[in-house]
Amino acid sequence: MKKFLLIFPIVFLSCLAFAQNCARVVSGNTVKNPDGSFTTTVVYNSDGNKHVNVTFYCNGVLIPGKSFCEQFSCSANCTSTKSYTFSCTGTPLVTFTPYTGNCGGGTQCGPVQIGTPEPGPLPVGLSSFL
């Protein structure tokens, strides 16, 4: 089975309400693996001790056990790359919610960022030749 790449844009659902310097998603992509699972690779940027709650959905439903808190800590601007593998028999969706402290007890410090796969190329059919 071939691997294919689903590049997902990062959509910002809210803005300006949060002015703090939060960990944020810089870029990401999702690859469908030969076994049917997906691997999402994300590049984060952080300044200080920040956390991001990462949550995975399949067809709009939370995937059990696939919501967790990532911690980033550095004294200055730093970048980190993380990969996550998960199963989904439909359309995957990943959300990233930044926090100042730990995800359960901290304060949300920026907009929720959503990674959704872009649709692949549409098929083209030829009806006749001239």
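Below is a short write-up of the structure. (Residues numbered from 1 in each chain as written. Predicted model: local features only at pLDDT ≥ 70, side-chain atom pairs only at ≥ 80, totals over all residues. Heavy atoms only, no water.)

## Points about the overall build of the protein
The helix and strand tally for the protein stands at 0 helices and 7 strands. N-terminal to C-terminal, the α/β element order of the protein is β-β-β-β-β-β-β. Looking at the protein residue by residue over its 130 residues, the buried ones come to 38%. Sequence separation of at least 24 residues holds for 61% of the intrachain contacts in the protein that already meet a minimum separation of 6. (Helix = DSSP H or I, 4+ residues; strand = E, 2+ residues; numbered from the N terminus. Buried < 20%, exposed > 50% of the residue type's maximum accessible area, 1.4 Å probe, protein only. Contact = heavy atoms within 4.5 Å.)

## A closer look at the pairing of strand β4 (residues 38-58)
A large share of β4 lies buried, amounting to 16 of its 21 residues. In terms of strand pairing, strand β3 (residues 24-32) meets β4 through 8 bridges, oriented antiparallel. Note on β4: the bridge partner recorded for Lys32 is Phe38. Connecting β3 to the next strand, β4, in antiparallel fashion are 5 residues, including Gly36 with a positive phi near 95 degrees. Of the pairings in the sheet, the one linking β4 to strand β5 (residues 61-86) comprises 19 bridges and is antiparallel in character. Within β5, the position partnered with Thr39 by the bridge is Thr85. Linkage of β4 to β5, two consecutive antiparallel strands, is achieved through a turn of 2 residues, within which Asn59 is found at a positive phi near 55 degrees. (Pairing = 2+ DSSP bridges.)

## Observations concerning the state of the cysteines
Evaluation of the coordinates by the stated rule reveals 2 disulfides. Across the disulfide from Cys58 sits Cys88; the S-S distance is 2.1 Å. The chirality of the disulfide connecting Cys58 with Cys88 is right-handed, given an S-S dihedral of about 85 degrees. Of the two residues, Cys58 is situated in strand β4 and Cys88 in the loop between β5 and β6 (92-99); the sequence distance between them amounts to 30 residues. Summarising the burial analysis for this pair, Cys58 and Cys88 share the class buried. Through a disulfide, Cys69 is tied to Cys103; the S-S separation comes to 2.2 Å. Here the S-S torsion is close to 75 degrees, and the disulfide linking Cys69 with Cys103 is therefore right-handed. You can see Cys69 sitting in strand β5 and its partner Cys103 sitting in the loop between β6 and β7 (113-115), a full 34 residues away along the chain. By relative accessible area, Cys69 is classed as partly exposed at 36%. Residue Cys103 is classed as buried on the basis of its relative accessible area of 13%. (Disulfide = S-S within 2.5 Å.)

## Describing the nonpolar core
Tyr44, Val52, Val54, Phe56, Phe86 and Phe96 are the most contacted members of the largest nonpolar core, which has 16 residues in total. At the level of elements, β4, β5 and β6 are the ones that each hand at least two residues to this core. Residue contributions to this core peak at 7 residues, all from β4. Dropping the residues within four chain positions of it, Phe86 is found in contact with Ser37, Phe38, Thr40, Phe56, Ile63, Lys66, Pro92 and Val94. (Core = buried A, V, L, I, M, F, W, Y, C linked by side-chain atoms within 4.5 Å.)

## So, the packing of aromatic side chains
With the rule as written, the count across this model stands at 6 aromatic pairs. Taken together, a centroid distance of 5.9 Å and an interplanar angle of 25 degrees make the contact between Phe38 and Phe86 stacked. Residue Phe38 is found in strand β4, and its partner Phe86 is found in strand β5; the two are separated by 48 residues along the sequence. We note that Phe38, like Phe86, is buried. A connected cluster of aromatic rings, assembled from ring pairs, spans Phe38, Phe56, Phe68, Tyr84 and Phe86. Note that Lys66 overlies the ring of Phe56, its terminal NZ or CZ placed 5.4 Å from the centroid. (Phe/Tyr/Trp six-rings, centres within 6.5 Å; stacked < 30°, edge-to-face > 60°. Lys NZ or Arg CZ within 6 Å of the ring centre and 35° of its normal.)

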